[in-house]
Amino acid sequence: MRKSSIISHHIIRCLTDGVLIGVILMKLSFSANTVLNKLANAVEGVENESEMLLRLIIGLAVFLLLAIFRKQISKAIVSLVTKPIAKKSEKVCNSLRESMFHPFSFLVIVIGIYAASEIIAPTGEIRSTLLLILKLGTIICAAWFAIAFIGSDFSVISKEDDSKTKKTAITFIGNFTKALIIVIAVLLVLEQFGISASSIIATLGVGGVAVAFACKDAIENMISGFIIIFDKPFEVGDSIQIDGDIGTVEDIKIRTTRLRLVDGTEKVYPNTSLTSKAIINISNMDKRSFNETLWIEYKHSGVQVEKYCEDLKQLILKYDCVIPDDVRVNFLDYGSDALEINIFFYVTIVNYAQYQEFKSKINSDIKSFTDSSDINMAFKSRTIYIAENEKDTDKSDDDEQKSSKE
């Protein structure tokens, strides 16, 4: 009895679940039929719901196929387009392939949406909306491709032996062109929504004064960027010094210039600050000066000092990087606490890091040579004499004050 009751309970439960599933399927079928009926009525040329369902299935299948195989389709199109170019220039071909792949993959999806809509609803309001999506997708794809191609490897139009000026100009013009493409793309997108570019330009003309004041700094920085490019106070890759900071120019953009300092930090300067301040272009130097002063004790005789200066000069001349035409080691002055020996010469080392290494090496050699020559280095000092009997001194001062009063 117990087993039969359990079986009966399971049968009843299965029947109940089946009824519920049937009700749900009936509701879904009714809802689907309602949707299909509305779509069939909305789309011209569709006679019944079965035809609408068939169009939906085919349209969705076309979209899914294009979406799933978008990369393969994009790769095939890109290869077909760049095949004639590959015979002339492999670099241009590679740059085009890298720039076209992702935008074309995006465009394939947009085309899939439009193709599906053409199959499902070739007429009516839906078609006009999806046609707008296709236009917007095409504009975005074209702008994306252009910006990606401009930002690709510049070896396409420049060579390794090109001057830094040309490379800097290419970088700057590339950044400016990217900004221009974005502006044009935005204007074209607004055009699709009924906002004409002419009306925008007219509005800017009316509020030109306000816009000029608002964009004053940006315009000044852009003009300063052109001045830097064509006047060439420095170029990308140059080592410069400004406001006490020394670094290498990494990039010159429309508004700013990036400088990598010697400690590794990146400092960004507005272009106007670089055209309005004095800049030392270290890369344009053909030599560096070494100018140091040594202090030696007064106890050394004139003969010792003269011999020390001459020997020190010979030590300096042993370095290959030292320019021998102007090496000066002179007894410069009688200091308050030491004899001053001035060392001055030029070296052919321009790089800042290499110069610091050289300076450390020669300073160590000068110190070792000085120690071996029995010359004692001096340091700045001051001798203070204190009276032996402070009380007697104070008393004599008091007596002097009394006698002056009398």
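Refer to the preceding data block for the structure.
Definitions and limits used
Residues numbered from 1 in each chain as written. Predicted model: local features only at pLDDT ≥ 70, side-chain atom pairs only at ≥ 80, totals over all residues. Heavy atoms only, no water. Pairing = 2+ DSSP bridges. Helix = DSSP H or I, 4+ residues; strand = E, 2+ residues; numbered from the N terminus. Axes fitted to C-alpha atoms, helices over the stretch in contact; angles between N-to-C directions. Contact = heavy atoms within 4.5 Å. Salt bridge = Lys/Arg side-chain N within 4 Å of Asp/Glu carboxyl O.

### Side note on the sheet that holds strand β8 (residues 339-347)
Link 1 in the chain: Overall, antiparallel pairing links the three strands, which are arranged β6-β8-β7 in an open sheet. The sheet terminates laterally at β6 (288-296) and β7 (322-334), the two strands that pair on one side only. Adjacent strand axes in the sheet meet at a mean angle of 15 degrees, parallel and antiparallel pairs treated alike.
Link 2 in the chain: Relative to β8, β7 is paired through eight bridges, and the arrangement is antiparallel. Bridge pairing in β8 places I323 opposite Y346.
Link 3 in the chain: Here helix α11 (residues 302-317) sits on the sheet in contact with β6, β7 and β8, set at roughly 155 degrees to β7.
Link 4 in the chain: Here helix α12 (residues 352-372) sits on the sheet in contact with β6, β7 and β8, set at roughly 25 degrees to β6.

### Re the pattern of salt bridges
Link 1 in the chain: Tallied over the full model, the rule gives 11 salt bridges.
Link 2 in the chain: For D243, the salt bridge identified is with K277, shortest N-O distance 2.9 Å. Here D243, found in the loop between β1 (239-242) and β2 (245-252), pairs with K277, found in the loop between α10 (271-275) and β5 (280-281); they are 34 residues apart in sequence, far enough to count as distant.
Link 3 in the chain: Here R328 and D326 are joined by a salt bridge, their closest N and O atoms 2.9 Å apart.

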